[in-house]
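Here's the letter readout for the chains.
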Amino acid sequence: MPLLATRRVHTGRVLNLDLDRVRFPDGSEGTLEMVRHPGAAAVVPFLDPPESPDPRVLLIRQFRHAADQWLWEIPAGTLEPGEPVAACAARELREEAGCTATRLELLTSVCTTPGFTDEVIHLYLADGLSRVPASPEADEFMEVHEVRWSEVGRMIRQGEIRDAKTLATLMFVQCFRRGANGGRDGVGPMPPDRLEV
């Protein structure tokens with residue numbers, strides 16, 4: 001949709017709010033509230049080789065004020081100005097999960113809620129982990145848990161994992177990196193876009 005005009009109505013620490021005047025595909029015009037976000041990266045950390053029968057992953061249990069509850073998530077965070085996406089994924093892995101990785105694999109990128117924001121989250125798989133001290137931010141309250149892949153599946157089926165980026169990443173790994181039968185059923189793995197770190 002062609003942008004006719006925009007007006008910034010709020011500038012925040014994490015995001016901005018604009019009022020955009022746009023021309024819709026049918027030629028009509030309207031005003032949309034748009035949340036502008038710098039983008040983010042999220043990463044599922046594998047303690048064991050992802051192709052092993054029942055590998056362990058690290059999940060974060062984090063309190064989220066917007067949801068007013070503790071949520072199961074993978075490490076994730078917002079891109080700093082000028083920061084490469086893979087560097088953001090590595091930084092969040094270190095800060096939140098207390099790990100570094102020998103390999104980060106870009107899985108896909110998703111538009112989080114395109115009805116009102118331009119946020120894109122880049123989803124990664126990490127393996128070859130080494131433990132380092134975690135350093136969450138002052139407003140981040142979280143616990144790190146080792147979880148078997150079979151348990152991850154149970155948590156998804158029973159609605160215990162509700163965070164969208166986490167669900168998208170875990171299901172992408174299951175469908176295209178592991179496959180329903182450990183990657184041996186013709187579904188996966190997809191050829192990865194690998195980034196050595």
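Keep in mind it's a predicted model, so treat the numbers as computed, not measured. (Residues numbered from 1 in each chain as written. Predicted model: local features only at pLDDT ≥ 70, side-chain atom pairs only at ≥ 80, totals over all residues. Heavy atoms only, no water.)

### Focus: the overall build of the protein chain
- Helix and strand content of the protein chain: three helices and eleven strands.
- Projected onto its principal axes, the C-alpha coordinates of the protein chain cover approximately 55 × 40 × 35 Å.
- Expressed as a percentage of contacts within the protein chain between residues at least 6 apart in sequence, the contacts between residues at least 24 apart total 56%.
- Looking at the protein chain as shown, the accessible area adds up to about 10,500 Å², and 55% of this sits on carbon and sulfur atoms.
- For the protein chain, the separation between the mean place of its 22 positive charges and that of its 30 negative charges on side chains is 2 Å. (Helix = DSSP H or I, 4+ residues; strand = E, 2+ residues; numbered from the N terminus. Contact = heavy atoms within 4.5 Å. Areas by Shrake-Rupley, 256 points an atom, 1.4 Å probe, with all protein chains shown as cover. Lys, Arg positive; Asp, Glu negative; His and termini not counted. Charge placed at Lys NZ, Arg CZ, Asp CG, Glu CD.)

### Points about the packing of aromatic side chains
- Per the stated rule, a full pass over the model turns up three aromatic pairs.
- On the numbers, 5.9 Å between centres and 65° between planes, the contact of Phe63 with Trp70 is edge-to-face. (Phe/Tyr/Trp six-rings, centres within 6.5 Å; stacked < 30°, edge-to-face > 60°.)

### Focus: the layout of surface pockets
- For the largest pocket, the calculated volume is near 1,500 Å³.
- Lining the largest pocket we find 43 residues, and of these Val14, His37, Arg64, Thr78 and Glu119 sit closest to its centre.
- Those elements that provide at least two residues to the lining of the largest pocket are β3 (29-36), β5 (56-64), β6 (69-73), β7 (76-78), α1 (85-97), β8 (99-111) and α3 (164-178).
- In terms of residue class, the lining of the largest pocket is made up of 18 nonpolar, ten polar and 15 charged. (1 Å grid on protein atoms, 1.4 Å probe; cavity = no way out; pocket = protein on both sides within 12 Å on 5 of 7 lines; lining within 4 Å. Points joined across faces, edges and corners; volume = space filled by probe spheres on them. Nonpolar A, V, L, I, M, F, W, Y, C, P; charged D, E, K, R; others polar.)

### Side note on the sheet that holds strand β2 (residues 16-23)
- Pairing is antiparallel across the open sheet formed by three strands, whose spatial order is β1-β2-β3. Each end of this open sheet is capped by a strand with a single partner; those strands are β1 (3-11) and β3. When strand polarity is set aside, the average angle formed by the axes of neighbouring strands in this sheet is 20°.
- As defined by bridge partners, β2 adjoins β3 across eight bridges and the pair is classed as antiparallel. Within β3, the residue paired with Arg21 across the bridge is Thr31. (Pairing = 2+ DSSP bridges. Axes fitted to C-alpha atoms, helices over the stretch in contact; angles between N-to-C directions.)

### Things to note about the state of the cysteines
- This structure, assessed with the given rule, holds zero disulfides.
- A disulfide-free cysteine, Cys99 has its sulfur positioned 16 Å from the sulfur of Cys88, the nearest such atom.
- Take Cys175: it sits in no disulfide, and the sulfur closest to it among the cysteines is that of Cys111, at 19 Å. (Disulfide = S-S within 2.5 Å.)

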